Structures are given as C-alpha cells and as structure tokens.
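# Commentary on secondary and tertiary structure
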Amino acid sequence: MAALQWFVNLGASVMLPVLLFIFALILRIKPGKAFKAGLTVGVGFVGLNLVISLLTKNLGPAAQAMVKNFGLHLTSIDIGWPAASAIAYGTVLGSLAIPVGVIANVILLLVGLTKTLDVDVWNYWHIAFTGSLVYVVTHDFALGLFTMIVHVMLIYLLADLAAPTVQKYYGLEGISFPQGASAPGFLMALPLNWLFDRIPGINKVKITPETVQKRMGIFGDSTVIGLVIGLVIGALAHYSVAKTLQLGANTAAVLLLMPRMVSLLMEGLTPISEGANAFVQKRFPGRDLYIGMDSALAVGQQAVLSSALILVPLTLLIAVILPGNTVLPFGDLATIPFMIAVMAAVFRGDILRTILGGIVDIVVSLYIASWVAPLVTAAAKGAHFSLQGNSSISVLSDGGTWTTLLIVGLGKLISWGGIGLIGIVVLGLMIWQNKFRKTATTVSDKK
C-alpha cells in the first residue's frame, strides 16, 4: 500500500506515462512508439496542470475577495476538492480505494460490463469519499468497502453512457470521463436539455463560441471574452486597476492555452487508443474500449470555461438568497468547470443552456452539500484533518453531487439494503447497456 501510494503521489505527469507505456507494450505497440506516446501524454499533463494552476491561483483569491466583499456569513465552509481528497484518502478505508477501483475495473472489463479502461487512478478518491461517509454513518467497515465498489460501478456506467456525447462534442476519440464530480452531470443535463427544447425563447436561441465570434467579431474571440470576464471578476473582487488587468490577462491566457495543451495530450493518447481498440477488436470482435481520463481534458473548451467563469459570481449570489442553504462556496469555486464539463457536451456547447443548467446544478449541489456537512466534518476529524478553526465543513463538488445524496442517503437510511439496491440497479443497467441493448441494436441493423 505504501509503494502504491508513493506511485500515485508522483502525480499524473509521471504516473500516467508509466501506466500508459506499460499498457502500450501489452497492446504490442513498438517500445519506441509506446515510450514517445507516454512521454507526450506526460508533457501534455504538465502543460495542462500549469494552465489549470494559472486559473485556480488567480480565480481562487478573486473568489475569496468576493466572498469577503459580499459579507457572506454561512455556517459551513466549502473546503474544495483538494482538501476533500486528502480527507478521503486519509482514512484507513479510503486508502483501499485505488486497489478496489482497479480490481473492479479489470473484472468489469473482462466480463464485458464496461467499455472504460480507467487509467486516471488518482480520481478514485471520489469513491473513497463516499465510502468514508457511509462508514461515518454506519460504523461498518465492510459496508464502506462495498459502497466504494458500487460507486465505482456507477461511475463507469455513467462514463460509458456519456462517452459518445463527450467524444462527439469535444473531439476526444476513444475517451471517456469516469470522474466522480463530472460524470453525474450527464443524467442531470439530459432532462434539462429536453426541457430547454420546449421552453419558448430558449429553444430558439443558440449561443455558442462560434456564433458569438461570428456576430461580435474580435469581441467574440475566446481570448477577448476571457479578458472581459477576468476584468469583471476583478472589479467584483474590488481589485486595484493593476490586479484587475492582470486577472483579465491571465483568464485570457487560460482560454487560449488550455485547448492547445489538450491537443498535445491527445497527440500522445491517439496511438494508444487506436492500439487498444485494435487489440480489443482482434480478441473480442464487436466491442469498443474507451480510455478513462480526467475531465480536465474538457475544462478548457471555450463554452465550458466561459460559462464557468460567469457562474462564479452567480454561485455566490445563489448561496446568499437560497433558503435553507448553509454552505459558503469557497474552495470549489475554481472547480465549477469540472462540474459542468459533461453537461456542456449534452448542451452541445450552448453557453446559455450551460449557464442555466449550471445554475440548477449549483442549487442542487448547495442543498446536498448542506445536508452532508455534518458527515464531512466527522470524516475530517476521523482522518485527523485540521478544520482550521471551522466548526463545520463541506464540499460543493463531490459533496453536492446527486450520487453522494443517493449513496450516502440510502446507506444511512437502510444500510446494506440501500447500497445493495443501488448495486443491483447499476449492475442491471450495465448488463442492459452492454449485452441486451447491444444485441437489440445489432439485430435492428441487420434488418
């Protein structure tokens, strides 16, 4: 376990190239080509992390300044996903999440119940999070382990369902997003998109980065939009003129550089993805394989990032006026792009729909995060995590997903029966998706 944790702690820029290199060799890709592909992926992640860091280091303090300026006083502080992942992996139960997730992934791939080969092992912290919360409410270690298995199955199911939409919109061939804070957005966006199609006015409006640029010329350029949004956020944060201009320049840089870093990363993934599908087709004719990656590959897309930056001040406003909310958005304000990444693909990059869908997501997330705050606080104490003077903490991203409410809620309500019920339903949907639905489609195609 110590060796595995050491490997994971190396970070995606080292861990992923090693894993992908080994995987490429298994796929019979030539060593030189496999090494170059893995190294390119590592370089892409270095660039991606640099750009994301540029965003969070500038947006985070601006968001904190807005919180202070608006005089928000709510009882639970949103600690953000970095702290939440530390809490999740900090428990004895959470430390087992990676082997649990990997073993479950291998078994499900072998029996043909998922198409996703998840190489993003760091993000197993999402299942460690729910497993730890269920353990907090039940004090049953075995149930906590079972919860992680059920949750990771649910994530793979959502990743497989969303993959065609994600691949088509983002142009990420052979990729899926088994990321616990992003994948649940797929099932939330589907009914919202159906509703938007039937609301007069909204169903006639189409606002995408392409239409904005076409109608507004230079002022519709994504880099210029990033500059304007950064300037507005700087003004709301009561920054000086110099700091406001710097924030504008940095957000403009993020919107320009992020897609280029993703393109570099995809350059390395393409030969591995092609090799994986060739390998699978040879041994399992008719089956597809997706490479499971972090949704960071999508957060730099113009519609996602533009919508997310607009949602930052809106989230603070919603937190103030929402009846019954106790959570002060803070640490996860910079994580909003991840929360809406898959939703934006369902909305086909429509900025208006993404913002409206994001507002619904934020409202739901705040209520769930408020409900789960006592459990997150208890889990943090169990992991010996410093609350830094806060009496109550929560997480807007993972703490606010509908999957957390479903899993932890049923686990708290009917223990093994609740988690078992979710597991049975998820397993049934996996069988339908990968066995019966596939057979029905094949028969229909032959006809």
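Residues numbered from 1 in each chain as written. Predicted model: local features only at pLDDT ≥ 70, side-chain atom pairs only at ≥ 80, totals over all residues. Heavy atoms only, no water.

### Digging into the sheet that holds strand E5 (residues 327-328)
In spatial order, the strands read E5-E1-E6; together these 3 strands make up an open sheet with parallel pairing. Bordering the open sheet on either side are E5 and strand E6 (393-394), each of which pairs with just one other strand. Bridge analysis of strand E1 (residues 76-78) against E5 gives 2 bridges, and the strand direction is parallel. Following the sheet pairing, Ser76 is matched in E5 by Val327. (Pairing = 2+ DSSP bridges. Helix = DSSP H or I, 4+ residues; strand = E, 2+ residues; numbered from the N terminus.)

### Some thoughts on a nonpolar patch on the surface
Together, Leu421, Val425, Leu427, Leu429, Ile431, Trp432 and Phe436 make up a nonpolar patch on the protein surface, roughly 640 Å² of accessible area in all. Tracing the backbone shows Phe436 in helix H15 (residues 402-446). Phe436 sits in the exposed class, given a relative accessible area of 57%. (Patch = residues over 30% accessible without salt bridge, like charges linked within 9 Å, V, L, I, M, F, W, Y side chains within 5 Å. Areas by Shrake-Rupley, 256 points an atom, 1.4 Å probe, with all protein chains shown as cover. Salt bridge = Lys/Arg side-chain N within 4 Å of Asp/Glu carboxyl O. Buried < 20%, exposed > 50% of the residue type's maximum accessible area, 1.4 Å probe, protein only.)

### Considerations on the packing of helix H3 (residues 31-70) against helix H12 (residues 302-321)
Orientation of H3 relative to H12, taken along the N-to-C sense of each, is 25 degrees, at an axis distance of 9 Å. Between H3 and H12, the interaxial angle falls into the category roughly parallel. The hand of the H3/H12 crossing is right-handed. Here H3 contributes Leu55, Leu59, Ala63, Met66, Val67 and Phe70 to the contact with H12, which in turn contributes Leu305, Leu309, Val312, Pro313 and Leu316. (Axes fitted to C-alpha atoms, helices over the stretch in contact; angles between N-to-C directions. Parallel < 35°, antiparallel > 145°, perpendicular 65-115°, else oblique. Left-handed = near helix turned anticlockwise from the far one by under 90°. Contact = heavy atoms within 4.5 Å.)

### Observations concerning the packing of helix H8 (residues 185-196) against helix H14 (residues 351-382)
Two quantities define a packed helix pair, namely the angle between the axes and the distance from one axis to the other. Between H8 and H14, the shortest axis-to-axis distance is 11 Å and the interhelical angle comes to 130 degrees. Relative to H14, the element H8 lies oblique. Between H8 and H14 lies a crossing of right-handed hand. In contact with Met188, Leu192, Asn193 and Phe196 of H8, H14 contributes Arg353, Leu356, Gly357, Val360, Asp361 and Val364. In the contact of H8 with H14, the residues fall into 6 nonpolar, 2 polar and 2 charged. (Nonpolar A, V, L, I, M, F, W, Y, C, P; charged D, E, K, R; others polar.)

### Section: the environment of Val152
Inspection of the secondary structure assignment puts Val152 in helix H7 (residues 141-170). Val152 sits 47 residues away from Asn105 along the chain, and the two C-alpha atoms are 8.2 Å apart. Sequence-distant contacts of Val152, that is, excluding residues within four places in its chain, are made with Gly101, Ala104, Tyr124 and Ile127.

### Considerations on the pattern of salt bridges
Counted according to the given criterion, the structure contains 1 salt bridge. Arg353 is the partner of Asp197 in a salt bridge, and the nearest nitrogen-oxygen pair spans 2.8 Å. Here Arg353 lies in helix H14 and Asp197 lies in the loop between H8 and helix H9 (209-216), a separation of 156 residues in the sequence. By relative accessible area, which is 35% here, Asp197 ends up partly exposed. Relative accessible area serves as the criterion here: at 5%, Arg353 is assigned to the buried category.

### Details of helix H4 (residues 80-90)
By the burial criterion, the buried members of H4 are Gly80, Ala83, Ala84, Ser85, Ile87, Ala88 and Tyr89. The elements touched by buried residues of H4 are E1, helix H5 (97-110), helix H6 (125-138), H14 and E6.

### Overview of the sheet that holds strand E3 (residues 175-176)
Judged by pairing direction, the sheet is parallel, and its 3 strands sit side by side in the order E2-E4-E3 without closing on themselves. The open sheet has two free edges, formed respectively by strand E2 (116-118) and E3, since each of these has just one partner strand.

### Points about the packing of aromatic side chains
This model, assessed by the stated rule, comprises 7 aromatic pairs. Through a chain of ring-to-ring contacts, three or more aromatic side chains come together here, namely Trp81, Trp125 and Phe129. The cationic tip of Lys243 hangs over the ring face of Tyr239; the distance from NZ or CZ to the ring centre is 4.2 Å. (Phe/Tyr/Trp six-rings, centres within 6.5 Å; stacked < 30°, edge-to-face > 60°. Lys NZ or Arg CZ within 6 Å of the ring centre and 35° of its normal.)

### Brief notes about the nonpolar core
Residues Leu48, Tyr124, Tyr170, Ile175, Phe177, Met293 and Leu297 are the most contacted members of the largest nonpolar core, which totals 140 residues. With residues up to four places along the chain from it excluded, the contact list for Leu297 reads Leu48, Leu172, Ile175, Phe177, Val262, Leu265 and Met266. (Core = buried A, V, L, I, M, F, W, Y, C linked by side-chain atoms within 4.5 Å.)

### Brief notes about the side chain of Thr403
Mapped onto the elements, Thr403 comes out in helix H15. The class of Thr403 is buried, set by a relative accessible area of 1%. Filtering out sequence-adjacent residues up to four positions away, Thr403 remains in contact with His151, Leu154, Leu158 and Pro184.

### Some details on the side chain of Thr40
Within the secondary structure, Thr40 sits in helix H3. Look at Thr40 and you get buried, because its relative accessible area is 10%. Residues in contact with Thr40, not counting those within four places in the same chain, are Leu264, Glu267 and Gly268.

### Brief notes about the environment of Val41
Tracing the chain through its elements places Val41 in helix H3. A C-alpha to C-alpha distance of 7.3 Å links Val41 and Met266, two positions 225 residues apart in sequence. Those residues within four positions of Val41 in sequence are excluded, and the remaining contacts are Leu16, Leu20, Leu265, Gly268 and Leu269.

### Structural notes on unusual backbone geometry
Unusually for a residue other than glycine, His139 sits at a positive phi of about 55 degrees. You can see His139 is positioned in the loop between H6 and H7. Classification of His139 as exposed rests on a relative accessible area of 65%. Of note in this structure, Arg348 is not a glycine but carries a positive phi near 55 degrees. Looking at the secondary structure, you find Arg348 in the loop between helix H13 (336-346) and H14.

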